[in-house]
Amino acid sequence: MSMASSAFLVPFSEYSASRPLSSLSYCHQFSVRSFPAPAYNSHPRSGAASFCQRFCGLKLWILESLNLQQHKRKPKQKNEFKSMKNLDEDHSSSHIETTSSLEEQASDGTRIKLGHVSDSVQSPISLPQTHSSKFPRDGTGGPSLCIAVIGATGELARRKIFPALFALYYSGFLPENIGIFGYSRKNLTDGDLRYTIASTLTCRVDHQENCGDKMDAFLSRTYYINGGYDNREGMSRLNSLMEQVEGGSEANRIFYLSVPQEALIDVASSLADTAQTLKGWNRIIIEKPFGFDALSSHRLTQSLLSKFKENQIYRIDHLLGRNLIENLTVLRFSNLVFEPLWSHKYIRNVQIVLSEDLGVHAARYFEGYGIIRDIVHSHILQTIALLAMEPPIGLDGEDIRNEKVKVLRSIRKLEPSDVILGQYKASTKDKVDMYTDTLTPTYFAAALHIDNARWDGVPFLVKTGIGLIQHRVEIRIQFHHVPGNLYRERMGHNIDLATNELILRDVPDEAILIRVNNKIPGLGLHLDSPELNLLYKDKYNVEVPDSYEHLLLDAIDGDSHLFMRSDEVSAAWNILTSVLQEVDKNNIVPELYEMGGRGPIGAYYLWAKHGVRWAED
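The residue numbers shown here count from 1 along each chain, following its written sequence. In keeping with the predicted nature of the model, local features appear solely for residues at pLDDT of at least 70, side-chain atom pairs appear and are counted solely at 80 or more, and the whole-chain, interface and lining totals rest on all residues. Side-chain measures here rest on the full set of heavy atoms in the structure, leaving out hydrogens and waters.

Peer 1: In this structure, what is going on with the pairing of strand β6 (residues 252-257)? I would like to understand it.
Peer 2: For a regular strand, the rule is simple: side chains alternate between the two faces of the sheet. The buried label applies to any residue whose accessible area, calculated with a 1.4 Å probe on protein chains only, is under 20% of its type's maximum; exposed applies above 50%, and partly exposed to all values in between. Helix and strand assignments come from DSSP, with helices taken as H or I runs of at least 4 residues and strands as E runs of at least 2, each series counted from the N terminus. Along β6, 6 of the 6 residues are buried, which leaves the element largely enclosed by surrounding structure. Burial along β6 is two-sided: N252, I254 and Y256 facing one way and R253, F255 and L257 facing the other are all buried. A pair of strands is labelled paired if DSSP reports no fewer than 2 bridges between them. Across 6 bridges, strand β3 (residues 145-150) lies against β6 in parallel orientation. For L145, the partnering residue across the bridge sits in β6 and is N252. Here β6 pairs with strand β7 (residues 282-287) via 5 bridges, running parallel. Looking at β7, one finds that R253 is bridged to N282. Call a crossover right-handed when, viewed with both strands pointing away from you, the route from the first strand across the helix to the second goes clockwise. The parallel pair β6 and β7 is bridged by helix α7 (residues 261-274), and the resulting crossover is right-handed.

Following this line, the structure appears as structure tokens:
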């Protein structure tokens, strides 16, 4: 993510405020107040001293005039925050004027022309330099960015969103004078909100500098609005407060909609009509799942697109903010050793595992969404799309999303025979007895196929669930056996144990591993299949940011490649619809499995059907 490189014309009045008049020692003998009004006729040269006297006296007179003007108006905050590739996408007016001459208006209304800056006279104006992904530390004027968290008193906002915003603020990725707004229906004050979120804020482990000061500054820029039960009136009050804090400055706005699905359309519609700024761009962030099924998702999409442009909508899935996902395209497209092998000619199967050791999402699943709507529709299918897509023409978000949607449209619709669903057994110990009367799945295993030339015949095997034996997040790419392998007899009866693999692991320890066959040192010819190991914690002494930090910064910077576009959402539902319909009709009964176990037995028969043995087994 890169910042826009912009050139700004700094007014002399701003320059004079940052540099005292006493620093102009070479002109101290002149009285500004006694200096006559300048004439612009040509004057004969009378030596360097005469020129300096006239020029410096004129400059001081202008500086004082402009300082008088400056006290009568509020300074404008410069907006350096727009990414270059997004300057024209959703900004209502983004205009930077560059000119070779400067004009100001004196207190008496006279237009004073400062003239062209010649090569022989160096201008004292220094143009500020932007730096990648960081904002200038300028606390003057109104904020250049305002972020509103709708649903500010919920667990997600308190435990994830506000801490992520503070981490970005503390690390310098947000403007010093940013405006943070919390919106909910509770009757709270600014102080109540600040007190609520203060306990969740932590400073970065690798910094630990000015932690208290930064936290106080962040909390002082946090405001609360009681939206009440009429979102239109509530959003109007939010807009009024934001305008008051912005103080007339140009400012962009982001609205994070951390609200239940059933309230999303009303909140988004009210926001669009009454809370958008006309002095910058507006973006909304919405949480998964993006609808309950294809029909409800289509209605939601149409409602959003009737109020917002596509490039204003950011559908967030925090699992896609993990470093593993971001590294998929880097690993593939920047390493020649992998790219030629990335097809059915060399790859035998792809395994994607996302398992949770505790039923932390149980309440959400048993409300009716289940693991298919919550995990598979977004995270699993997006992972496959990033892994299997063709090389994009560039790294722009739309270029990558164009290729992802092609993959999603090429994935064969899932049939019930290619899917295994499960639900962990209820027990008094686990305190989940209340959920035994529902068939909502907590486990999903399936074999997906991409019907295109690159991936013809390669099964993408998915296994995801909660309440399993361990927390694992990894991708395993298994290659074909070596044709006519000379060492087949040395590999034992199960040649699959000697299969070359590329393993991309996120949990428990982030790593990249390559399984190769190797001779064990010694006199005999004995083979082993060790893993070449890049363990991140040993190689990189850096703190891995939370996924919400990553995705929030992408949304601020306008990088959309990890956010689902409307056509991606539709294509994903198309893959899953037939299975979801069978589940909703109770035609597929999830297989029960033990809490802390490996999942349904039926999954092993599914793997055998496709000739695959899971490496963990």
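Continuing now.
Peer 1: Before we go on, may I ask you to explain the sheet that holds strand β8 (residues 313-316) in this structure?
Peer 2: Strands in a sheet are paired, the pairing made by backbone hydrogen bonds, and the direction either parallel or antiparallel. The sheet built from 6 strands is open, its strands ordered β5-β4-β3-β6-β7-β8 with parallel pairing. A strand with exactly one partner marks an edge of an open sheet, and here the two such strands are β5 (222-226) and β8. Averaged over all neighbouring strand pairs, the angle between strand axes comes to 20 degrees, with direction disregarded. Working rule for contacts: check all heavy atoms of both residues, and any pair within 4.5 Å makes them a contact. Whenever a helix is involved, its axis is fitted only over the stretch in contact; in every case the axis is a line through C-alpha atoms, and angles between N-to-C directions fall within 0 to 180 degrees. Sheet contacts for helix α4 (residues 190-198): β4 (179-184) and β5; angle to β5, the most-contacted strand, approximately 120 degrees.

Peer 1: What is the right way to look at the packing of aromatic side chains in this model?
Peer 2: What characterises a pair of aromatic rings is the spacing of the ring centres plus the angle enclosed by the ring planes. Note on ring pairs: Phe, Tyr and Trp rings are taken, using the six-membered ring of Trp, and paired if centres are within 6.5 Å. Classes follow the plane angle, with under 30 degrees stacked, over 60 edge-to-face and the rest tilted. Summed over all chains, the structure comprises 10 aromatic pairs. A centroid spacing of 5.0 Å and a plane angle of 80 degrees characterise the contact between Y314 and F563, whose relative ring orientation is edge-to-face. Remark: F563 occurs in the loop between α13 (547-557) and α14 (566-584) and Y314 occurs in strand β8; sequence separation between them is 249 residues. Summarising the burial analysis for this pair, Y314 and F563 share the class buried. The positively charged end of R194 is found above the aromatic ring belonging to Y223, 5.9 Å away from the centroid. Criterion for a charge above a ring: Arg CZ or Lys NZ at most 6 Å from the ring centre, at most 35 degrees from the ring normal. The lysine or arginine in question, R373, covers the ring of F292, its NZ or CZ lying 3.7 Å from the ring centre.

Peer 1: Would you mind going over the environment of A511 with me for this structure?
Peer 2: By secondary structure assignment, the location of A511 is in strand β15 (residues 511-515). Setting aside residues up to four positions removed in sequence, A511 forms contacts with I503, L504, R505, N533, L534, L535 and Y536.

Peer 1: I'm lost on the pattern of salt bridges in this one. Help?
Peer 2: As a working rule, side chains carrying opposite charge can pair if their charged atoms are close by. One speaks of a salt bridge when a side-chain nitrogen belonging to Lys or Arg is within 4 Å of a carboxyl oxygen belonging to Asp or Glu. The final tally for this structure, using the stated rule, is 27 salt bridges. Residue K288 is joined to D374 by a salt bridge in which the shortest nitrogen-to-oxygen separation is 3.1 Å. Note that K288 is positioned in the loop between β7 and α8 (294-307) and D374 in helix α10 (residues 362-388), a separation of 86 residues in sequence. Judged by relative accessible area, K288 falls into the buried class, the value being 8%. When the shortest N-O distance is used, the salt bridge between D506 and R322 registers 2.8 Å. Taken together, the positions of D506 in strand β14 (residues 501-507) and R322 in the loop between β8 and α9 (323-333) put the pair 184 residues apart, joining distant regions of the chain. When its relative accessible area of 34% is taken as the criterion, R322 is described as partly exposed. Several salt bridges share partner residues, and in doing so they unite R472, E474, R476, E501, R505, R515 and E531 into one network.

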